[in-house]
Amino acid sequence: MTLARAIKIAPSILSADFADFGREIHAIEAQGADWVHVDVMDGHFVPNLTFGPPLVKAIRRHVTTVMDVHLMIAPVDPYIDAFAEAGADVITAHLEAGPHIHRTLQAIRATGKKAGLALNPGTPAEAVAPLLDLCDLICVMTVNPGFGGQKFIHSQIDKVHSLRGMIGDRPIHVEIDGGITPETAPLVTAAGADVLVAGSAVFSGGSVANPAPYGANIRAIRAAAEAARR
Ligand code: DX5
Ligand code: ZN
């Protein structure tokens, strides 16, 4: 067994106050967030719309940790350079977003950014096999992408186990996105995940004026996740 990587908690700003992203990002980082997860949706690949490269660029200067940009868009390739220039550290594209995901991962790597590959709940772990050497991160969606606050899909836990086995010693993060709470976090870290995205479970009960609940929420998820580490 390889040495386990430290658990990273990546709050999704999809659950933040959209009119106050700068202060929301300062608040979650001050309260212990390891990464900042940014959900880009196009109203086509997923049934919801969020924001594009100009907003990602505008919030970049508020992020002092890692900006983890999750692209739920199709096509992806025409926008990779714009998100790289906007300052993403990790750019994650969906395997289902088009016929040329291999090319997409190559194009992300060519910008010098970390390349992430996201899998919808209906996509099997085996689909990743020919792409592993192009990935710095694999994101297992534990909800159908498009909205925060959905229910965790338990059938994805076996996929996390399978992916960890396939990854072996490669330096690839396994990120989980959707429905992460102190109750579900241990299920996925026990299966080998090391990056946990959480939107509603981090932002619930707090605000920029009252950020302490963000910290309590992050600590509760982290404690539960670490206790289950294998
Ligand atoms: C869903 C997004 C997630 C979402 C997670 O499409 O990719 O990042 O914000 O929200 P919660 O943690 O509330 O499920
Ligand atoms: Zn996401």
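Refer to the structure printed above.
The rules behind each value
Residues numbered from 1 in each chain as written. Chains lettered and ligands numbered in written order. Predicted model: local features only at pLDDT ≥ 70, side-chain atom pairs only at ≥ 80, totals over all residues. Heavy atoms only, no water. Buried < 20%, exposed > 50% of the residue type's maximum accessible area, 1.4 Å probe, protein only. Helix = DSSP H or I, 4+ residues; strand = E, 2+ residues; numbered from the N terminus. Right-handed = clockwise from strand over helix to strand, strands pointing away. Pairing = 2+ DSSP bridges. Salt bridge = Lys/Arg side-chain N within 4 Å of Asp/Glu carboxyl O. Contact = heavy atoms within 4.5 Å. Donors = N, O, S within 2.8 Å, 3.2 Å for Na, K, Ca; no water. Tetrahedral: all angles 85-135°; square planar, octahedral: opposite > 155°, others 65-115°. Near = heavy atom within 4 Å. Polar contact = N/O pair within 3.5 Å; in protein donor to acceptor, adjacent residues only side chain to side chain. Areas by Shrake-Rupley, 256 points an atom, 1.4 Å probe, with all protein chains shown as cover. Nonpolar A, V, L, I, M, F, W, Y, C, P; charged D, E, K, R; others polar.

**Thoughts on the pairing of strand β7 (residues 173-177)**
Each regular strand shows side chains that alternate between the opposite faces of the sheet.
Okay, step 1: Within β7, five of the five residues are buried, which leaves it mostly tucked inside the rest of the structure.
Okay, step 2: Burial along β7 is two-sided: His173, Glu175 and Asp177 facing one way and Val174 and Ile176 facing the other are all buried.
Okay, step 3: Once the chain exits strand β6 (residues 137-141) it traverses helix α5 (residues 157-167) before rejoining the sheet at β7, and the crossover so formed is right-handed.
Okay, step 4: Inspection of the sheet shows β7 paired to strand β8 (residues 195-198) by three bridges, in the parallel sense. From the neighbouring strand, Ile176 faces β8, where its bridge partner is Leu196.

**Examining the pattern of salt bridges**
Close approach of charged atoms allows side chains of opposite charge to pair.
Okay, step 1: If you walk through the whole model with that rule in mind, you get six salt bridges.
Okay, step 2: Put simply, Arg60 and Asp89 hold a salt bridge, and the shortest N to O gap is 2.8 Å. Here Asp89 lies in the loop between α3 (80-85) and β4 (90-94) and Arg60 lies in helix α2 (residues 53-60), a separation of 29 residues in the sequence.
Okay, step 3: You can call Asp89 partly exposed: its relative accessible area is 28%.

**Examining the environment of Pro182**
Okay, step 1: Along the chain, Pro182 turns up in the loop between β7 and α6 (185-190).
Okay, step 2: Given a relative accessible area of 28%, Pro182 falls into the partly exposed group.
Okay, step 3: Residues Pro182 and Asn217, 35 residues apart in the sequence, show an inter-C-alpha distance of 8.3 Å.
Okay, step 4: Those residues in contact with Pro182 that lie beyond four places of it in its chain are Ala220, Ile221 and Ala224.

**Some words on the coordination of the zinc ion (ligand 2)**
Okay, step 1: Bound to the zinc ion (ligand 2) are the protein donor atoms His37 (NE2), Asp39 (OD), His70 (ND1) and Asp177 (OD), situated 2.0 to 2.3 Å from the metal.
Okay, step 2: Around the zinc ion (ligand 2) sit six donor atoms; with metal-centred angles ranging over 69 to 171 degrees, the donor geometry is octahedral.
Okay, step 3: Expressed as a motif, the donor residue spacing for the zinc ion (ligand 2) is H-x1-D-x30-H-x106-D.

**Some thoughts on the site of ligand 1**
Okay, step 1: Neighbouring residues of ligand 1: 20 residues in total, closest Asp39, Gly146, Asp177, Gly199 and Ser200.
Okay, step 2: The separation between an oxygen atom of ligand 1 and a polar side-chain atom of Asp177 is 2.7 Å.
Okay, step 3: At 2.7 Å from an oxygen atom of ligand 1 is found a main-chain nitrogen or oxygen belonging to Gly199.
Okay, step 4: Relative to its unbound accessible surface of 380 Å², ligand 1 loses 100% to contact with the protein.
Okay, step 5: Mapped onto the shell around ligand 1, the elements with two or more residues apiece are β2 (36-41), β3 (67-72) and β8.
Okay, step 6: For the shell around ligand 1, the element with the most residues is β2, which contributes three residues.
Okay, step 7: Taken together, the residues that form the shell around ligand 1 break down as eight nonpolar, ten polar and two charged.

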